[in-house]
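Each chain, written out:
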Amino acid sequence: MSNEDRISNWQLIKNGIFKENTIFRLVISLCPSIAVTNSVKNGFLLGVAVLFVQTMVNTTVAIFRKFIHPKIRIPIFMLIISGWVTVVDMVMAAYARAAYKEIGLYIQIIVAFASILARAEMFASKNRVCNAFFDGLGSGLGFLLALVLISFFRELLGRGSLWGFHIVQAKPMLIFILPAGGFLAVGLLMAFFNWIDMRFYGGKGAGGASGH
Amino acid sequence: MTAKDIFKITANLVVIYVVGGLLLAFVYAKTSPIIFLKNKQEKEEALQKMMPNADKKGIIKLGDWYPHDKDAEYFVAKKDGKIIGYIVQTFAKGYSSYINILFSVGTDFRVKKIDILHSAETPGLGDEITLPYFKKRFRGKDLAHLKVVKKPSKEYIEAVTGATISSRAVTEDGVRKGLEFLIKALKKREVKHEQ
């Protein structure tokens, strides 16, 4: 691998985490960001599952990209996604029982996550296998970090605990653990990142408008 | 669309189905025996936890029953051939989910232990029914005392603050109905045996 390639791979990962962060920048797949972030553990576990699915789907799509007929590319992507999600589901059910009990319900729903289809369509179907792999890694990591960050605030404020361990013996703001609090947490964090983007980098905020 | 397109689309789908099918079949073959074994193990462990005194193979299924049209089972627990209690699985209609409950009673039909196998009650409020402090409140209660009250009480079951519906579901719809069923079912069996 040449030096140039290495830099661009690193940039692809960084791009997925910051500039094109699924939740805070592209504002897609907000459903899981509210549904599973009521504890850090759930957020982290689902993030790891999504990271794996995203990377594998991107790689598979990139391998087959010249072979797939453009007319049926979306159904083919869906088949690839559901295949990998089923693999994760079965492997988790067999080897990670405790985690599967917590988030088993949400694993199958990964099939419908917009972020995975979006990366496959926007990036993997147009780029080399190696690049697609790192792009999947990057956007998966971005998603994972976003979920952990949201659930960090929600669990701390709503339950007074982190990863199930009590930090304070009280529930400072119970609303944050309820669905309504999910919207609040995502909104406030997004506003915060928008502010950083606009204040320090001269961007235009979330929603795909922040082209640097 | 030309004949070439049709051919290519067909080939696309065939390849994806075959490759995907083989991959899934391979993973399924590897994982399904483990999943089956672990499910069985976990069930046995959950039952053993309900009745720690019972013999290793002393928990025997008595039959099925259908609370809220769902499949549930009930068991008898034996030690050295003597019956020391019963274990009942039941479902209760909670605030936002059906709560899957397992509880054990002694031969005097007082509750020994309860456990929540699955629930999806409101996080932070209703899901406190799964915590030990609430489950402990059931110890030693009989049919007449399986009742929810909103103030501190040793005699009855004190509701979880802010989650009266969930508490009531576990206590009255779940454990009490399960216990009523168990007593009835055991009487039926006795009559059958006498005949």
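What counts as what
What you see as residue numbers is a count from 1 along each chain, following the sequence as written. Chain A is the first chain written and ligand 1 is the first ligand written, with later ones labelled in order. Thresholds applied to this predicted model are a pLDDT of at least 70 for local features of residues and 80 or more for the giving and counting of side-chain atom pairs; totals over whole chains, interfaces and linings are not thresholded and use all residues. Processing note: side-chain calculations cover all non-hydrogen atoms of the structure and skip hydrogens and water entirely. Only DSSP runs of H or I with at least four residues qualify as helices, and only runs of E with at least two residues qualify as strands; both kinds are numbered from the N terminus onward. C-alpha atoms define the radius of gyration, and 2.2 Å times the number of residues to the power 0.38 defines the globule rule. Residue exposure (1.4 Å probe, protein chains only): buried if accessible area is under 20% of the type maximum, exposed if over 50%, otherwise partly exposed. Here, two residues are considered to be in contact whenever any of their heavy atoms come within 4.5 Å of each other. Under the convention used here, a 1.4 Å probe and the Shrake-Rupley method define accessible areas, while residue burial counts only the protein chains that appear. His is not counted, nor are the chain ends, whereas Lys and Arg count as positive and Asp and Glu as negative. Where a charge lies is defined by one atom per residue type, namely NZ (Lys), CZ (Arg), CG (Asp) and CD (Glu). Residues adjacent in sequence count toward polar contacts only when both atoms are side-chain atoms; beyond that, a polar contact is any pair of N or O atoms within 3.5 Å, and within protein one must be able to donate a hydrogen and the other to accept it. Once two parts are put together, the accessible area they lose, assessed with a 1.4 Å probe and summed over both, is termed the buried area. Salt bridge, as applied in this entry: a Lys or Arg side-chain nitrogen positioned within 4 Å of an Asp or Glu carboxyl oxygen. The rule is short: rings of Phe, Tyr and Trp, with Trp giving its six-membered ring, pair when the centres are within 6.5 Å, and they are stacked under 30 degrees, edge-to-face over 60, tilted in between. Whether a charge lies above a ring is judged from NZ of Lys or CZ of Arg, which has to be within 6 Å of the ring centre and within 35 degrees of the ring normal. Bear in mind that the domain bounds are from an automatic or database domain assignment.

**Student:** Honestly, the overall build of chain A in this entry has me stumped. Any pointers?
**Tutor:** Helix and strand content of chain A: eight helices and two strands. Taking 2.2 N^0.38 as the reference for a compact globule, 212 residues should give roughly 17 Å; the C-alpha atoms of chain A span a radius of gyration of 18 Å, in line with that estimate. For chain A, with 212 residues in total, the buried portion stands at 48%. When contacts within chain A are restricted to residue pairs at least 6 apart in sequence, those whose partners lie at least 24 apart make up 69%. When the accessible surface of chain A is totalled, it reaches about 10,100 Å², and 70% of it is carbon and sulfur. Looking at charge distribution, chain A has the averaged site of its 19 positive side-chain charges lying 2 Å from that of its 9 negative ones.

**Student:** Looking at this structure, I do not really get the side chain of S161 of chain A. What am I missing?
**Tutor:** Tracing the sequence through the fold places S161 of chain A in strand β1 (residues 161–162). Side-chain polar atoms of S161 of chain A contact the side chain of E155 of chain A, separated by 3.0 Å.

**Student:** What is the right way to read the interface of chain A and chain B from this model?
**Tutor:** Where interface size is quoted, it is often the accessible area lost as the parts come together. Each side of the interface is counted separately: chain A has 26 residues, and chain B has 25 residues. When chain A packs against chain B, the two sides together hide about 2,400 Å² of surface, and 72% of this comes from carbon and sulfur. Of all residues in chain A, F67, M90 and R97 of chain A bury the most surface against chain B, accounting for 25% of the area lost on that side. Across the chain A-chain B interface, the total number found is three salt bridges. Between R159 of chain A and D127 of chain B there is a salt bridge whose closest N-O contact spans 3.4 Å. Applying the counting rule to chain A against chain B returns seven residue pairs in polar contact (both at pLDDT 80 or more). Every element with two or more residues in the side of chain A that touches chain B is listed here: α4 (73–95) and α5 (97–107) of chain A. Looking at the side of chain A that touches chain B element by element, the count peaks at 12 residues for α4 of chain A.

**Student:** Even after reading the chapter, I still don't get the packing of aromatic side chains, so can you show me in this structure?
**Tutor:** The geometry of an aromatic ring pair is captured by the separation of the ring centres together with the interplanar angle, meaning the angle of the planes. Residues and elements named next belong to chain A. Across all of its chains, the model carries 13 aromatic pairs over all chains by this definition. Considering the side-chain rings of F24 and F193, the 4.8 Å spacing of their centres and the 40° angle between planes classify their relative orientation as tilted. Remark: F193 occurs in helix α8 (residues 179–201) and F24 occurs in the loop between α1 (3–19) and α2 (30–35); sequence separation between them is 169 residues. For F193, a relative accessible area of 26% translates into the label partly exposed. A centroid spacing of 6.1 Å and a plane angle of 45° characterise the contact between F113 and F143, whose relative ring orientation is tilted. Separated by 30 residues along the polypeptide, F113 in the loop between α5 and α6 (114–122) and F143 in helix α7 (residues 129–159) bring together distant segments of the chain. F143 carries the same exposure label as F113, and that label is buried. A network of ring pairs unites the aromatic residues F24, F192 and F193 as a single cluster. The ring of F200 has R199 lying over it, and the distance from NZ or CZ to the ring centre is 5.4 Å.

**Student:** Sorry if this is basic, but what is going on with the domain arrangement of chain B here?
**Tutor:** Residue and element names in this part refer to chain B. Domain annotation of chain B identifies domain 1 (1–50) and domain 2 (53–194). Computed over C-alpha atoms only, the centres of domain 1 and domain 2 are separated by 37 Å. Taken together, the six residues of domain 1 in the interface contact 13 residues of domain 2. Buried surface at the junction of domain 1 and domain 2, both sides included, amounts to about 810 Å², of which 62% is carbon and sulfur. When residues of domain 1 are sorted by the area they lose upon contact with domain 2, L47, Q48 and M50 head the list and together hold 74% of the total. There are two salt bridges connecting domain 1 and domain 2. A salt bridge links E73 to K43; the nearest nitrogen and oxygen atoms lie 3.0 Å apart. Counting every contact that joins domain 1 to domain 2 gives five residue pairs in polar contact (both at pLDDT 80 or more).

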